[in-house]
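Fold and contact review
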Amino acid sequence: MEERMSSASRPFDSEGRVYHLGLRKGDVPKYVLMPGEVERASRIASSWDRSWRLAQRREYSSFRGVYRGVDVAVVSTGIGGPATAIAVEELLELGADTLIRVGSTGAIQDDIEVGDIIITTAAVRMDGTSYQYAPAGYPASASYEVIMALVEAAEGLGVRYHLGITASTDSFYVGQGRPGYGGYMPSWSRNLMPDLRQMRVLNFEMESATLLTLANIYGFRAGAVHAVYAQRVKDEFVAHAGDENLIKVADEAVRILHEWDEVKGRAGKRYLYPSLLRSSP
């Protein structure tokens, strides 16, 4: 069925819904979790005290709910930077200002085990989408508040986690040092994982660089937390390993950020710093 949109540049329908997500202002709060997988969006929503579905369009499955008194939403992005960028652009239009990727990943360091959690401090921009927004050399770094909230959540839950740099690619196979069809593997792909291991990069995934680049350009808070499905050095892969801890850490990080935001609001401060928390009633 044909439907005329408001504009070719920033398309909204006649009821004010953004084109891809099918949501309008007021549908989402400031805190939004962003898994790639549609099924993980549903699992996250079911972990809250209460939740309800907002919309389902293409790879974008969305729910809103309440977790420990905090208004929160989840929107799946599908795989890769292009779909992630669309979700970010439209969520910002709707008023969201704190976005956390909640994804799966492959670890490339020996001490990281399947089922562990990785909290991203910054991303190596091996994607293509972030280069549509900023040139090489522009940083894809996570918000320090989101990093601290994820760390505090993991510590409080007693979850085994690692903190460091993530590599984001646009290819699950050759772009992450896996052989392609028929064993195709150019020389740069063979050298990729050993080189990144020497640089102390922790893991491969496909969305964080785009999210974090846009966060720095647009000035919103963002971070990323991942469950380790694959241990590339040991050639192990367990689908959905660590998912339960991943969801718990993400949920708790939202609660912690909300608590800190209230502290900042009472103090009239824009940024969080340690003594502000110590002096909070």
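For clarity, every value in this text was computed on a predicted model and none was experimentally measured.

**Section: the packing of helix H3 (residues 144-157) against helix H6 (residues 243-267)**
Packing of H3 against H6 brings their axes to within 8 Å, and their N-to-C directions diverge by 125 degrees. As far as their axial angle goes, H6 and H3 are oblique. With respect to the hand of their crossing, H3 and H6 are arranged in right-handed fashion. Two secondary-structure elements touch here, H3 through Glu145, Val146, Met148, Ala149, Leu150, Glu152, Ala153, Ala154 and Leu157 and H6 through Lys248, Val249, Glu252, Ala253, Ile256, Leu257, Trp260, Asp261 and Lys264. For the contact of H3 with H6, the residue count by class is 12 nonpolar, no polar and six charged.

**So, the pairing of strand E4 (residues 70-75)**
With respect to burial, E4 is a largely interior element, five of its six residues being buried. Bridge count for strand E1 (residues 31-34) against E4 is two bridges, and the pairing is parallel. In the strand pairing of E4, Val32 is matched with Ala73. Pairing between strand E3 (residues 60-67) and E4: six bridges, direction antiparallel. Within E4, the position partnered with Arg64 by the bridge is Ala73. Between the end of E3 and the start of E4, which pair antiparallel, lie two residues, with Arg68 showing a positive phi angle near 50 degrees.

**A look at the side chain of Asp116**
Tracing the sequence through the fold places Asp116 in the loop between strand E5 (98-107) and strand E6 (117-126). Engagement of the side chain of Asp116 in a polar contact is seen with the backbone nitrogen of Glu113, the distance being 2.9 Å. For Asp116, the side chain forms a polar contact with the side chain of His162, separated by 2.8 Å. Beyond its immediate stretch of four places on either side in the chain, Asp116 contacts Asp111, Arg160, His162, His226, Ala227 and Val228.

**Digging into helix H5 (residues 208-218)**
The element H5 is largely enclosed, with a buried count of eight among its 11 residues. Residues Ser208, Ala209, Thr210, Leu211, Leu212, Thr213, Leu214 and Ala215 constitute the buried set of H5. Once H5 finishes, Gly219 follows within two positions and takes phi at roughly 80 degrees, a positive value.

So, how was this worked out
- Residues numbered from 1 in each chain as written.
- Predicted model: local features only at pLDDT ≥ 70, side-chain atom pairs only at ≥ 80, totals over all residues.
- Heavy atoms only, no water.
- Axes fitted to C-alpha atoms, helices over the stretch in contact; angles between N-to-C directions.
- Helix = DSSP H or I, 4+ residues; strand = E, 2+ residues; numbered from the N terminus.
- Parallel < 35°, antiparallel > 145°, perpendicular 65-115°, else oblique.
- Left-handed = near helix turned anticlockwise from the far one by under 90°.
- Contact = heavy atoms within 4.5 Å.
- Nonpolar A, V, L, I, M, F, W, Y, C, P; charged D, E, K, R; others polar.
- Buried < 20%, exposed > 50% of the residue type's maximum accessible area, 1.4 Å probe, protein only.
- Pairing = 2+ DSSP bridges.
- Polar contact = N/O pair within 3.5 Å; in protein donor to acceptor, adjacent residues only side chain to side chain.

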